[in-house]
Amino acid sequence: SSPAYAVRKVLQKHGVRSSLHDPLFSAAEIEERGFNFAKEPYDSTIKYDLLVLVTAHDQYAELDYVKIAKAGCKVVLDGRNILDEKQILELGMVYR
């Protein structure tokens, strides 16, 4: 079972709406599993406060942190320790 389920459960308990991006699944597959689909990790149609990384897909190591910050993200939780902490902090986001 994906850690995304546990993360979603905690977020829902606190009234947080969430969306999921996973390059290995289509929008239909993600929605069939009860998640809201995000077309890319920094979907410009969605404003969000928090980005949670629970999988270490190669493309996530090359995220555009400027786009993430522009989407309103304030906190990045890097569950796989693959993101660029220095760059995230320089853009004013919290890194954990």
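Presented here is a report on the structure given in the accompanying data block. Just so it is clear, the structure is predicted and the values come from calculations on it, not from any experiment.

**As for the side chain of Asp-78**
Inspection of the secondary structure puts Asp-78 in strand β4 (residues 75-78). Here Asp-78 occupies a buried position and makes no salt bridge, while the nearest side chain of opposite charge, Arg-80, is found at 7.4 Å. Reaching out from Asp-78, the side chain makes a polar contact with the backbone nitrogen of Leu-83 at a distance of 2.9 Å. For Asp-78, the residues in contact, after removing those within four places along its chain, are Leu-53, Leu-83, Tyr-95 and Arg-96.

**Description of a nonpolar patch on the surface**
Together, Leu-50, Val-52 and Leu-77 make up a nonpolar patch on the protein surface, roughly 180 Å² of accessible area in all. Position of Val-52 relative to the elements: it lies in strand β3 (residues 50-53).

**A look at the sheet that holds β4**
Strand order in the open sheet made by the 3 strands is β3-β4-β5, with parallel pairing throughout. Edge strands, defined here as strands with exactly one partner in the open sheet, are β3 and β5 (94-95). Bridge analysis of β3 against β4 gives 4 bridges, and the strand direction is parallel. The residue bridging Leu-51 from the neighbouring strand is Val-76, located in β4.

**Quick look at helix α1 (residues 3-13)**
By the burial criterion, the buried members of α1 are Ala-4, Arg-8 and Leu-11. Axial view of α1: buried residues confined to an arc of 65°, hence all on one face. Opposite its buried face, α1 presents the exposed residues Lys-9 and Lys-13, each directed more than 90 degrees away. Where α1 is buried, its residues meet β1 (19-20) and β3. With a side-chain oxygen lying 3.0 Å from the backbone nitrogen of Ala-4, the N-terminal cap of α1 falls on Ser-2. Phi turns positive, to about 75°, at Gly-15, one or two residues after α1.

**With respect to the pattern of salt bridges**
Opposite charge on two side chains permits pairing when their charged atoms draw close. Applying the stated criterion across every chain yields a total of 2 salt bridges. Here Lys-74 makes a salt bridge to Asp-49, at a shortest N to O gap of 2.8 Å. Remark: Asp-49 occurs in the loop between β2 (36-37) and β3 and Lys-74 occurs in the loop between α3 (65-70) and β4; sequence separation between them is 25 residues. A relative accessible area of 49% means that Asp-49 is categorised as partly exposed.

Definitions and limits used
- Residues numbered from 1 in each chain as written.
- Predicted model: local features only at pLDDT ≥ 70, side-chain atom pairs only at ≥ 80, totals over all residues.
- Heavy atoms only, no water.
- Helix = DSSP H or I, 4+ residues; strand = E, 2+ residues; numbered from the N terminus.
- Buried < 20%, exposed > 50% of the residue type's maximum accessible area, 1.4 Å probe, protein only.
- Lys, Arg positive; Asp, Glu negative; His and termini not counted.
- Salt bridge = Lys/Arg side-chain N within 4 Å of Asp/Glu carboxyl O.
- Polar contact = N/O pair within 3.5 Å; in protein donor to acceptor, adjacent residues only side chain to side chain.
- Contact = heavy atoms within 4.5 Å.
- Patch = residues over 30% accessible without salt bridge, like charges linked within 9 Å, V, L, I, M, F, W, Y side chains within 5 Å.
- Areas by Shrake-Rupley, 256 points an atom, 1.4 Å probe, with all protein chains shown as cover.
- Pairing = 2+ DSSP bridges.
- Arc of directions from axis to C-beta.

All we've got here are geometric facts, nothing functional implied.
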